Amino acid sequence: MLVSAAEMLKKAKAGKYAVGQFNINNLEWTKAILQTAQECNSPVILGVSEGAGKYMCGFTTVAAMVSAMVEELGITVPVALHLDHGSYEGAKKCINAGFSSIMFDGSHYPIEENIEKTKELAAACHVLGLSLEAEVGSIGGEEDGVVGMGECADPKECKMVADLGVDMLAAGIGNIHGKYPANWAGLSFETLEAISKEVGDMPLVLHGGTGIPADQIKRAISLGVAKINVNTECQLAFQEATREYIEAGKDLQGKGFDPRKLLAPGTEAIKAMVKTKMELFGSVGKA
Ligand code: 13P
């Protein structure tokens, strides 16, 4: 059964560790992440972007696949199926499709509109026992080949949005999606401390988990981060292992590609990467 992320994140914040959100794009990645969470006895959040949802034949298909996999694989650790960076319309679709957690990314709306829509979605989620993540201060990344430096959220705005009854809050602290530029200044712990002071017990979410040095991850957790999102690193692990496999000529068996064999090395690489992250985040054994 899929569960809301609220309870696991409350526990994580109190226990000073973080739960990993790993993004899924297909059956193989989903299976790899679920099996690793079970092996590590760790709670886990499966993130689905709107693009990945479309690719996998819609949110209803994704929810059905993940629920069935949890059952077929005998997964007993807490698993939340979470919409990543959802639009207002996407959030509503996922609420109806059987997701157990939603992120509404209203950071591009004026703050009043972000607040109004977040409030409405929080109420809709909570009636059904789902959790809601809101975002304040946009978390950038590469756009048209230009990598932004990462914004810092206004702690007062964070407090306003936290008070709307959301279950977790993503706040920009200089983090960005994808690879960090060589001259990246690092996370702003000053901002994180100020936000933590304002929002109290609210679990904070760190997006752009790929490529943040381990010491900064640990410090962020000690200052209230309870959920860390990782996507690019899954892609990189998968790409590297798949490339090695193809370059070694192992795919050419005279019968063309066997997808089960072709995707296996990449899937194993994702498993190893997820395990390393769960160890770093401190979630191993916390299910
Ligand atoms: P990365 O792709 O940088 O790991 O970020 C993932 C993320 O924050 C998804 O919301």
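Look up a bit, the structure's there.
Predicted model, so just to flag it, every value in this text is computed and none were measured.

Report on the overall build of the protein chain, specifying residues and quantitative values.
Within the protein chain one finds 12 helices and 10 strands. Here the protein chain has a C-alpha radius of gyration of 18 Å; the compact-globule value for 287 residues is 19 Å, and the two agree. Based on the C-alpha atoms only, the size of the protein chain along its principal axes is roughly 65 × 45 × 40 Å. For the protein chain, the proportion of its 287 residues judged to be buried stands at 54%. Sequence-distant contacts in the protein chain: of pairs separated by 6 or more residues, those separated by 24 or more amount to 72%. Carbon and sulfur atoms provide 54% of the accessible area of the protein chain, an area that totals close to 12,900 Å².

Help me get a handle on the sheet that holds strand β1 (residues 19-23), residues and values and all.
If you trace the 8 strands once around the closed barrel, you get β1-β2-β3-β4-β5-β8-β9-β10, paired in parallel fashion. In this sheet, adjacent strand axes meet at a mean angle of 25° when their direction is disregarded. As judged from the 3 bridges shared by β1 and strand β2 (residues 44-48), these two strands associate in the parallel manner. Each bridged residue has a counterpart across the sheet, and for Phe 22 the counterpart in β2 is Leu 46. Its contacts with the sheet place helix α2 (residues 27-40) against β1, β2 and β3 (79-86), and it is angled at close to 165° to β2. Along the sheet, helix α6 (residues 111-127) contacts β4 (101-104) and β5 (131-136); its crossing angle with β5, the most-contacted strand, is approximately 170°.

Tell me what's going on with the site of the ligand, and back it up with residues and numbers.
Neighbouring the ligand are the residues Asp 84, His 85, His 177, Gly 178, His 207, Gly 208, Gly 209, Thr 210, Asn 229, Val 230, Asn 231 and Thr 232. Contacts to the ligand include His 177, whose side-chain N or O atom sits 3.2 Å from an oxygen atom. Within the complex, the protein chains bury 97% of what would otherwise be the 300 Å² of accessible surface of the ligand. Elements with a contribution of two residues or more to the shell around the ligand: β3 and β10 (225-230).

Lay out the environment of Met 103 in plain terms, naming residues and giving numbers.
The topology assignment puts Met 103 in strand β4. Owing to a relative accessible area of 0%, Met 103 belongs among the buried residues under this scheme. Sequence separation between Met 103 and Glu 133 is 30 residues; the distance between their C-alpha atoms is 4.4 Å. Discounting residues that sit within four places of it in the chain, Met 103 has contacts with His 82, Leu 83, Asp 84, His 85, Gly 86, Glu 133, Glu 135, Ala 170 and His 207.

Outline helix α10 (residues 232-247), listing residues and values.
Between its first and last C-alpha, α10 extends 22 Å over 16 residues, near the 22 Å set by a 1.5 Å rise per residue. Those residues of α10 that fall on the buried side of the exposure criterion are Thr 232, Cys 234, Ala 237, Phe 238, Ala 241, Thr 242 and Tyr 245. Lining the buried residues of α10 we find β1, α2, β10, α11 (259-262) and α12 (264-281). One or two positions beyond α10, positive phi appears at Gly 249, with a value near 75°.

Quick rundown of the side chain of His 82? Include the residues and the values.
Structurally, His 82 can be placed in strand β3. A distance of 2.8 Å separates a polar atom in the side chain of His 82 from a polar atom in the side chain of Ser 101. Within the structure, the side chain of His 82 is placed 2.9 Å from the side chain of Glu 133, a separation counted as a polar contact. Leaving out residues up to four positions away in the same chain, His 82 has contacts with Gln 21, Ile 45, Leu 46, Gly 47, Val 48, Phe 99, Ser 101, Ile 102, Met 103, Glu 133, Met 168 and Lys 227.

I'd like a rundown of the nonpolar core, residues and numbers included.
Residues Phe 99, Ile 102 and Leu 169 are the most contacted members of the largest nonpolar core, which totals 82 residues. At 7 residues, α12 tops the list of elements feeding residues into this core. Discounting residues that sit within four places of it in the chain, Leu 169 has contacts with Ala 134, Val 136, Cys 158, Val 161, Ala 162, Val 199, Met 202, Pro 203, Leu 204 and Val 205. Residues Met 8, Ala 80, Ile 139 and Val 205 belong to the second largest nonpolar core, which totals 14 residues.

Account for the side chain of Glu 133, with residues named and values stated.
Mapped onto the fold, Glu 133 is located in strand β5. In terms of polar contacts, Glu 133 uses its side chain to reach the side chain of Lys 227, at 2.7 Å. Not counting the four nearest positions on each side in its chain, Glu 133 is found in contact with His 82, Ile 102, Met 103, Phe 104, Met 168, Ala 170, Val 205, His 207 and Lys 227.

How would you explain the pattern of salt bridges if you had to name every residue and give the values?
Scanning the entire structure with this criterion turns up 10 salt bridges. As a salt-bridge pair, Lys 117 and Glu 113 come within 2.9 Å of each other at their nearest N and O atoms. In this pair, Lys 117 and Glu 113 are both assigned in helix α6, 4 residues apart and thus about one turn of the helix distant. For Glu 113, a relative accessible area of 29% corresponds to the partly exposed category. Glu 133 is paired through a salt bridge with Lys 227; the nearest N and O atoms lie 2.7 Å apart. Placement of Glu 133 in strand β5 and of Lys 227 in strand β10 is noted, with a sequence separation of 94 residues between them. On the accessibility criterion, Glu 133 (0% relative accessible area) is buried.

Conventions adopted
- Residues numbered from 1 in each chain as written.
- Predicted model: local features only at pLDDT ≥ 70, side-chain atom pairs only at ≥ 80, totals over all residues.
- Heavy atoms only, no water.
- Helix = DSSP H or I, 4+ residues; strand = E, 2+ residues; numbered from the N terminus.
- Rg over C-alpha atoms; globule rule 2.2 N^0.38 Å.
- Buried < 20%, exposed > 50% of the residue type's maximum accessible area, 1.4 Å probe, protein only.
- Contact = heavy atoms within 4.5 Å.
- Areas by Shrake-Rupley, 256 points an atom, 1.4 Å probe, with all protein chains shown as cover.
- Pairing = 2+ DSSP bridges.
- Axes fitted to C-alpha atoms, helices over the stretch in contact; angles between N-to-C directions.
- Near = heavy atom within 4 Å.
- Polar contact = N/O pair within 3.5 Å; in protein donor to acceptor, adjacent residues only side chain to side chain.
- Expected span 1.5 Å × (residues − 1).
- Core = buried A, V, L, I, M, F, W, Y, C linked by side-chain atoms within 4.5 Å.
- Salt bridge = Lys/Arg side-chain N within 4 Å of Asp/Glu carboxyl O.

Geometric descriptors of this kind do not, in isolation, establish any biological role.
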